[in-house]
Amino acid sequence: MLSVPIVDISRPTATSLEALDAACRDHGFFLLSGHGLDDLINRTWQQTSRFFDTDRSIKNEITRDIDNPMGYYDRELTKRKRDNKEVFDFLDPTIDQIDARNRWPRDLPGFRDTLVEAYDEFSKLADRTLSLIHSALQLSEGSQKEMMGSRYGSMMRLNHYPVGDPVPESERDGLPELGPTALGYHTDPGTITLLLQDNVGGLQTESLDSGWIDVPPTDGTIVINLGDCMQAWTNDRYRAAVHRVVPMTQQRRFSIPYFQNPARDSTIKPILELCADGARYREFSWKEFMAARAYDNFTDLGTEDTQVTDFRVNA
């Protein structure tokens, strides 16, 4: 059985769901095939490289700030260390009120149109993927409704991992030094993450059985990893995926995550039918948890960032 199994979402089998369940208990990653989005994915890759290759002045015009974390950024922190990457973040662009927070670059015709389509299709696929997890957990219909995502509170990101520091030397004064990895080890706070990764490689996850293992680039698949809410909902049956990206030494790397999150006003707590031995987490506000995690990524608060384990009973 593959350490990171492939599940065909167009025809999942009992065997593939068993492999999904085992992977989610061990490290929280699996690969999704049969999604039917190859053409859209290719067009999204083209727009991603086009954006990061555009003039720096265009990217700097849409740099995110402490009041609105959408747009471009090249000095994000993970575990108080600066990542070796630059990013572009956006929320659901199909809703005018939400899209008003997005910052779109000028002089890139077709860029926004492609990403609107990508956000829409990935939102639908995230819901379908969550249904796979419901099946693996054998949840009742009522419990399935407690484990849901919302496209309106989710987010999509374009990542570029260059060889060398993404911040020009003239702008590095006062910045934290780059961390030992291109992206420091961490978990995603939400429900699940759908990730496109190119063929360069470098993504790793922490397995309980085997330590750090590669999440291999596999043509035609989308990477799925579990977030903190999934660990709390499943009462520690499934693991929020601890993952990192090793430094790029020979060529740059691109990846595109869609972070599916719960509805903004959700309260997260263990699902009762998964609590035969008692709940291991007290309930917590998703909005407050997400705000703490987002702020930690923007600036060094001088302490370790908020973790889902902070909400364990008697933590």
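Criteria and cut-off values
- Residues numbered from 1 in each chain as written.
- Predicted model: local features only at pLDDT ≥ 70, side-chain atom pairs only at ≥ 80, totals over all residues.
- Heavy atoms only, no water.
- Salt bridge = Lys/Arg side-chain N within 4 Å of Asp/Glu carboxyl O.
- Buried < 20%, exposed > 50% of the residue type's maximum accessible area, 1.4 Å probe, protein only.
- Helix = DSSP H or I, 4+ residues; strand = E, 2+ residues; numbered from the N terminus.
- Polar contact = N/O pair within 3.5 Å; in protein donor to acceptor, adjacent residues only side chain to side chain.
- Contact = heavy atoms within 4.5 Å.
- Pairing = 2+ DSSP bridges.
- Core = buried A, V, L, I, M, F, W, Y, C linked by side-chain atoms within 4.5 Å.
- 1 Å grid on protein atoms, 1.4 Å probe; cavity = no way out; pocket = protein on both sides within 12 Å on 5 of 7 lines; lining within 4 Å.
- Points joined across faces, edges and corners; volume = space filled by probe spheres on them.
- Nonpolar A, V, L, I, M, F, W, Y, C, P; charged D, E, K, R; others polar.
- Axes fitted to C-alpha atoms, helices over the stretch in contact; angles between N-to-C directions.
- Parallel < 35°, antiparallel > 145°, perpendicular 65-115°, else oblique.
- Left-handed = near helix turned anticlockwise from the far one by under 90°.
- Phe/Tyr/Trp six-rings, centres within 6.5 Å; stacked < 30°, edge-to-face > 60°.
- Lys NZ or Arg CZ within 6 Å of the ring centre and 35° of its normal.

Moving on: the pattern of salt bridges. By the definition in use, this model includes 32 salt bridges. Residue K85 is joined to D83 by a salt bridge in which the shortest nitrogen-to-oxygen separation is 2.7 Å. Residue K85 is classed as buried on the basis of its relative accessible area, which comes to 2%. A salt bridge links R151 to D92; its shortest N-O distance comes to 2.7 Å. Linking R151 in strand β7 (residues 150-161) with D92 in the loop between β6 (86-90) and α4 (96-99), this pair joins segments that are 59 residues apart in sequence. Judged by its relative accessible area of 0%, D92 falls in the buried class. Within the structure, one salt-bridge network assembled from shared partners comprises R64, E76, D83, K85, D89 and R157.

Structurally, D89 is set in strand β6. The class for D89 is buried, based on a relative accessible area of 1%. Within the structure, D89 has its side chain in polar contact with the side chain of R64 (distance 3.4 Å). Filtering out sequence-adjacent residues up to four positions away, D89 remains in contact with R64, P69, M70, G71, M155, M156 and R157.

Of all 12 residues in β7, 9 are buried; the element is thus mostly enclosed. Bridge count for β6 against β7 is 5 bridges, and the pairing is antiparallel. Paired with V87 across the two strands is N159, which belongs to β7. Judged from the 6 bridges that link them, β7 and strand β14 (residues 253-261) form a sheet pairing that is antiparallel. Residue H160 lies in a different strand from β14, and its bridge partner there is F254.

Within the largest apolar cluster, 58 residues are counted, with the highest numbers of intra-cluster contacts made by L20, F88, I133, L194, I222, M230 and Y238. By residue number, the principal contributor to this core is helix α5 (residues 111-137), which donates 12 residues. Counting residues in hydrophobic clusters, the runner-up holds 14 residues, among them L31, L203, V215 and M248.

Looking at the largest pocket, its volume works out to about 1,100 Å³. As for the largest pocket, its lining consists of 50 residues, of which M70, M155, N261, M290 and A294 are closest to the centre. Looking at the lining of the largest pocket, the element that brings in the most residues is helix α8 (residues 286-298), giving 9 residues. Counted by class, the lining of the largest pocket contains 23 nonpolar, 13 polar and 14 charged residues.

Here 8 strands make up an open sheet; going across it, the order is β1-β2-β12-β9-β14-β7-β6-β3 and the pairing mixed. Among the strands making up the open sheet, the edge pair consists of β1 (6-8) and β3 (71-73). Going from strand to strand, the sheet's axes swing by 25° on average, the running direction of each strand aside. Examined bridge by bridge, strand β9 (residues 192-197) and strand β12 (residues 222-226) share 4 bridges and lie antiparallel to one another. Paired with I192 across the bridge in β12 is L226. Against the sheet, helix α1 (residues 14-26) makes contact with β1, β2 (29-33) and β12, and its axis sits at roughly 150° relative to β2, the strand it touches most. Helix-sheet contacts for α5 involve β1, β2, β6, β7, β9, β12 and β14, and the interaxial angle to β7 is about 115°.

Here we come to the side chain of N235. Relative to the helices and strands, N235 is located in the loop between α7 (228-233) and β13 (243-245). When near neighbours in sequence (up to four residues on either side) are disregarded, N235 contacts P270, L274, C275, G278, A279, R280 and Y281.

Attention shifts here to the packing of helix α2 (residues 38-52) against α5. Each pair of packed helices gets described by two things: the angle between the helix axes and the distance between those axes. Direction vectors running N to C along α2 and α5 enclose 135°, while the axes themselves pass 10 Å from each other. One way to sum up the angle between α2 and α5 is to call them oblique. α2 and α5 meet at a crossing whose hand is left-handed. For the pair α2 and α5, contact is made by L40, R43, T44, Q47, R50 and F51 and by F111, T114, L115, E117, A118 and E121, respectively. Here the residues of the contact of α2 with α5 are counted per class, giving 5 nonpolar, 3 polar and 4 charged.

Attention shifts here to the packing of aromatic side chains. The description of an aromatic ring pair rests on the distance of the ring centres and on the angle between the ring planes. Within the structure shown, the criterion is met by 17 aromatic pairs. With 6.3 Å between their ring centres and 25° between their planes, F52 and F254 make a pair best called stacked. Of this pair, F52 sits in helix α2 while F254 is found in strand β14, placing the two residues 202 residues apart along the sequence. With a relative accessible area of 4%, F52 lands in the buried category. According to the relative accessible area criterion, F254 is buried, its value standing at 10%. The ring of Y73 has R64 sitting right over it, with the charged end atom 4.3 Å from the ring centre.

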